[in-house]
Amino acid sequence: MAAMIRTTVFRKFSPHTRILDGKYVQLHFSHVGRSKFTSTKSLYQESMTADGDTTTKHTNSTGDQQHSLDLSFCNAKEAYRSKTTGEIARGLFVFNMCSIPFLVNHNKTILKWSRKVLGKQLFCKIMKATFYGHFVAGEDQVTIRPLVNNNRRYGVKSILDYSVEEDISSKKAKEAEMKSCAPPDAEPLSAQPPSDEYHQSKQRSAPEVQRFVAHEEFGDRREGVVSARTYFYEDEAKCDENLQTFKECIDAVAGAVTDGSGFIAIKMTALGRPQFLLQLSEVIVSWRNFFERFAGDRNKFSEEDFKTTLKDFGVQVTRDDRKRWFTLLDVTCDGEVDLLDWDNLLDINTQMGKHLVVPNVTTGEIQPLVASLQMEEEEQLSKMLLRMNEIAEYAIKKNVRVMVDAEQTYFQPAISRLTIEMMRKFNKEKAVIFNTYQCYLKKVFSSVKHDLELSKRENFHFGAKIVRGAYMEQERERAATIGYDDPIQPTFNATSHSYHSVMEEIMNQINQRPRGEVAVMVASHNEDTVRFTVQKMKENGIGPQDRLICFGQLLGMCDHISFPLGQAEYSVYKYVPYGPVEEVLPYLSRRAMENRGVLKKVKKEKSLLWQELKRRIRSGELRYNPDKVPA
């Protein structure tokens, strides 16, 4: 029995993939022939220790004391040392406006009419003096440099994002989504030939199967989402345009940050037809569910367990075929199959055909999970993978790192899998590719643990961005409507516990492996999570200048967290958007909505801004210039 799985996706990462013009591009992401890249200056050369209780003090290499870190994050003077008094007043004004429900709820209409009444020139001047100036760095790569450089002086680096968004209607968004999430002939994908048992299993698990199908009522993926950008597929030319935009962002980072510490963030839905992400996600989830049927409550199974389970399933298979099957499954040849062995079947066989296949538990035969892709789809999938590869190679050439953002759960298994494949290829010398893990997902801990173990077993660097998650309301509504299990943690506290458990596991792995093999960004605006991470770093002997753990927040938000961390020599980043005023209005709209949703945090920021403004008035520092004082 040739019990193998080979997906179209991973076939595209074979050593040479032919493009339409006859050229060949190196695209292999599996175990053989991975390229190595010469490391520039390591990100993990420096080390230091931290001590203290509510404050943490550090010394630099010359013994001079650096700024203390107040873990209450209530030191307004320290938080806003990098700001002019005008910037503080602007921030106070913007947050006050974001606290007025009427303005936030109708912000799109207000912006639209303001543009008509004021005219383009005056409208842009007012926006630059208020909301745009607070949340956006500038219009292009040149105008953003003063802000990027000033933040860097005060210990805060940048993740650049060209935040131009097309503000299409909900109707058009749904039409685009439905069209791009189905094959060109609009026929549903099905196995060929499907058995009666297969149809029955599909019917029994209909809600779970429907999870990986586009539904028109949820076609506008922007609904209920305020903290993440959404891409809709138009055509291949638009994907090429997105690719070029990402490369220009890499150029911008390389121009602003020359020491290899810069990042860009990308979304995979910007690079190709989302249909492929849906298909691959279903395959991955189905394949892992199949593993769970063999392993049960255990994390692995032996050949005897395998024999018993096949017998229980009623699968008729000869002894020799069963042994060959198990030998193929047991990649590490230790007599047991775990999830890492099982998942390796998705890419070890480079010679299978087009089908996504699984064994039929009734017949013991291999059958397709879905129909083979059409020629047009094959070409589109090839181009999507080529774009991903081009971004990674270009980023390495420019000494810039790439964060792959997380998206909805019906896309995420494929996104994570493809990101791990990119890590396998590009993270041999240092962490260049970073995957994103959403801690509001119930299965996030097992996912992180699995990927950490995989990187250790296969000797590549693990890079991760840890977030809470941006799609909670949308995910819950979709799960309830379609009928599959809610993938989201039940409460805010449960998500916090999940986040902290993930960070503890990562720090354990940092200490168990050579320094520098695990790198992580804590992307959180939550003070408790930041405090927890700083304290756990201290307990685990991970110093700020080790550059193993960094922190990230959005530009214009949580400066009272970012800048004290940066000035205490922790590695800190701001997510820095840029673009023309009128073309980033959808981004500004989302920032207004997001700040409305976290009133407690905004209330503290307003209080600290007001506190610092009053201090400068009393001390005669209204003309304070951060450029003229030591950082």
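Structural data are supplied above this passage.
Computed from a predicted structure; not experimentally measured.

(A) Inspection of the side chain of serine 524 at higher detail. Relative to the assigned elements, serine 524 resides in the loop between β14 (518–523) and α21 (527–539). Judged by relative accessible area, serine 524 falls into the buried class, the value being 4%. Residue contacts for serine 524: discarding those within four places in its chain leaves Tyr499, Thr529, Val530, Gly552 and Gln553.

(B) Expanded view of the nonpolar core. Counting 100 residues, the largest nonpolar core has Ile433, Ile466, Met503, Ile506, Ile549, Leu565 and Tyr570 as its most contacted members. Of all hydrophobic cores here, the second largest spans 29 residues; its members include Cys124, Phe135, Ala431 and Phe434.

(C) Structural context of the pairing of β14. For β14, a buried count of 5 out of 6 residues is recorded, marking the element as mostly surrounded by other parts of the structure. Pairing of β14 with strand β15 (residues 549–554), which is carried by 4 bridges, proceeds in the parallel orientation. Within β15, the residue paired with methionine 521 across the bridge is cysteine 550. For the handedness criterion, the β-α-β arrangement of β14, α21 and β15 is classed as right-handed.

(D) Layout of helix α3 (residues 85–98). The end-to-end C-alpha distance of α3 is 20 Å, a good match for the 20 Å that 14 residues give at a rise of 1.5 Å each. Thr85, Ile88, Gly91, Leu92, Val94, Phe95 and Cys98 are the residues of α3 that are buried.

(E) Just the sheet that holds strand β12 (residues 433–438), in detail. Here we have 8 strands rolled up into a closed barrel, ordered β5-β6-β11-β12-β13-β14-β15-β16, and parallel in their pairing. Taking each pair of neighbouring strands and ignoring which way they run, the sheet shows an average axis angle of 30 degrees. Bridging between β12 and strand β13 (residues 462–467) involves 4 bridges; their strand directions are parallel. Its bridge partner lying in β13, glutamine 438 is registered against valine 467. Its contacts with the sheet place helix α18 (residues 444–458) against β12, β13 and β14, and it is angled at close to 155 degrees to β12. Across the sheet, helix α20 (residues 492–512) is in contact with β13, β14 and β15; its angle to β14 comes to roughly 155 degrees.

(F) Geometry of the side chain of asparagine 427. On the secondary structure map, asparagine 427 appears in the loop between α17 (412–426) and β12. A distance of 2.9 Å separates the side chain of asparagine 427 from the backbone nitrogen of isoleucine 433, its partner in a polar contact. Ignoring any residue separated from it by four or fewer positions in sequence, one finds asparagine 427 in contact with Met422, Val432, Ile433, Phe460, His461 and Gly463.

(G) Summary view of helix α7 (residues 145–153). What α7 keeps buried is the set Val148, Asn150 and Asn151. All buried residues of α7 project into a common sector of 165 degrees when viewed along the axis, lining one side. Next to the buried residues of α7 lie β5 (156–162), α11 (236–256) and α22 (559–567).

(H) Focus on the pattern of salt bridges. Taken as a whole, this structure holds 28 salt bridges when the rule is applied. In this structure, the salt-bridge partner of lysine 398 is aspartate 251, at a minimum N-O distance of 3.7 Å. Here lysine 398 is found in the loop between α16 (375–397) and β11 (401–404), whereas its partner aspartate 251 is found in helix α11, with 147 residues between them in sequence. Given a relative accessible area of 32%, lysine 398 falls into the partly exposed group. Its salt-bridge partner being lysine 465, residue aspartate 405 comes within 2.7 Å of it at the nearest N-O pair. Placement of aspartate 405 in the loop between β11 and α17 and of lysine 465 in strand β13 is noted, with a sequence separation of 60 residues between them. In this pair, the class of aspartate 405 matches that of lysine 465, namely buried. By sharing partners, the salt bridges in this structure join Arg417, Glu421, Arg424 and Glu458 into a single network.

(I) Structural context of the packing of aromatic side chains. Summed over all chains, the structure comprises 8 aromatic pairs. Between phenylalanine 263 and phenylalanine 434 the ring centres are 5.0 Å apart and the planes differ by 85 degrees, which places this aromatic pair in the edge-to-face class. Here phenylalanine 263 is found in strand β6 (residues 263–266), whereas its partner phenylalanine 434 is found in strand β12, with 171 residues between them in sequence. Residues phenylalanine 263 and phenylalanine 434 agree in their burial class; the two are buried. By way of ring pairs, the aromatic residues Phe263, Phe434 and Tyr573 are connected into one cluster. Taking NZ or CZ as reference, arginine 478 lies 3.9 Å from the ring centre of tyrosine 410, over its face.

(J) Region of interest: a nonpolar patch on the surface. A contiguous nonpolar patch, built from Trp113, Val117, Leu118, Leu122 and Ile126 and spanning about 480 Å² of accessible area, is present on the exposed surface. Among the secondary structure elements, isoleucine 126 is positioned in helix α5 (residues 107–129). Given a relative accessible area of 38%, isoleucine 126 falls into the partly exposed group.

Reading the values: the criteria
Residues numbered from 1 in each chain as written. Predicted model: local features only at pLDDT ≥ 70, side-chain atom pairs only at ≥ 80, totals over all residues. Heavy atoms only, no water. Helix = DSSP H or I, 4+ residues; strand = E, 2+ residues; numbered from the N terminus. Buried < 20%, exposed > 50% of the residue type's maximum accessible area, 1.4 Å probe, protein only. Contact = heavy atoms within 4.5 Å. Core = buried A, V, L, I, M, F, W, Y, C linked by side-chain atoms within 4.5 Å. Pairing = 2+ DSSP bridges. Right-handed = clockwise from strand over helix to strand, strands pointing away. Expected span 1.5 Å × (residues − 1). Axes fitted to C-alpha atoms, helices over the stretch in contact; angles between N-to-C directions. Polar contact = N/O pair within 3.5 Å; in protein donor to acceptor, adjacent residues only side chain to side chain. Arc of directions from axis to C-beta. Salt bridge = Lys/Arg side-chain N within 4 Å of Asp/Glu carboxyl O. Phe/Tyr/Trp six-rings, centres within 6.5 Å; stacked < 30°, edge-to-face > 60°. Lys NZ or Arg CZ within 6 Å of the ring centre and 35° of its normal. Patch = residues over 30% accessible without salt bridge, like charges linked within 9 Å, V, L, I, M, F, W, Y side chains within 5 Å. Areas by Shrake-Rupley, 256 points an atom, 1.4 Å probe, with all protein chains shown as cover.

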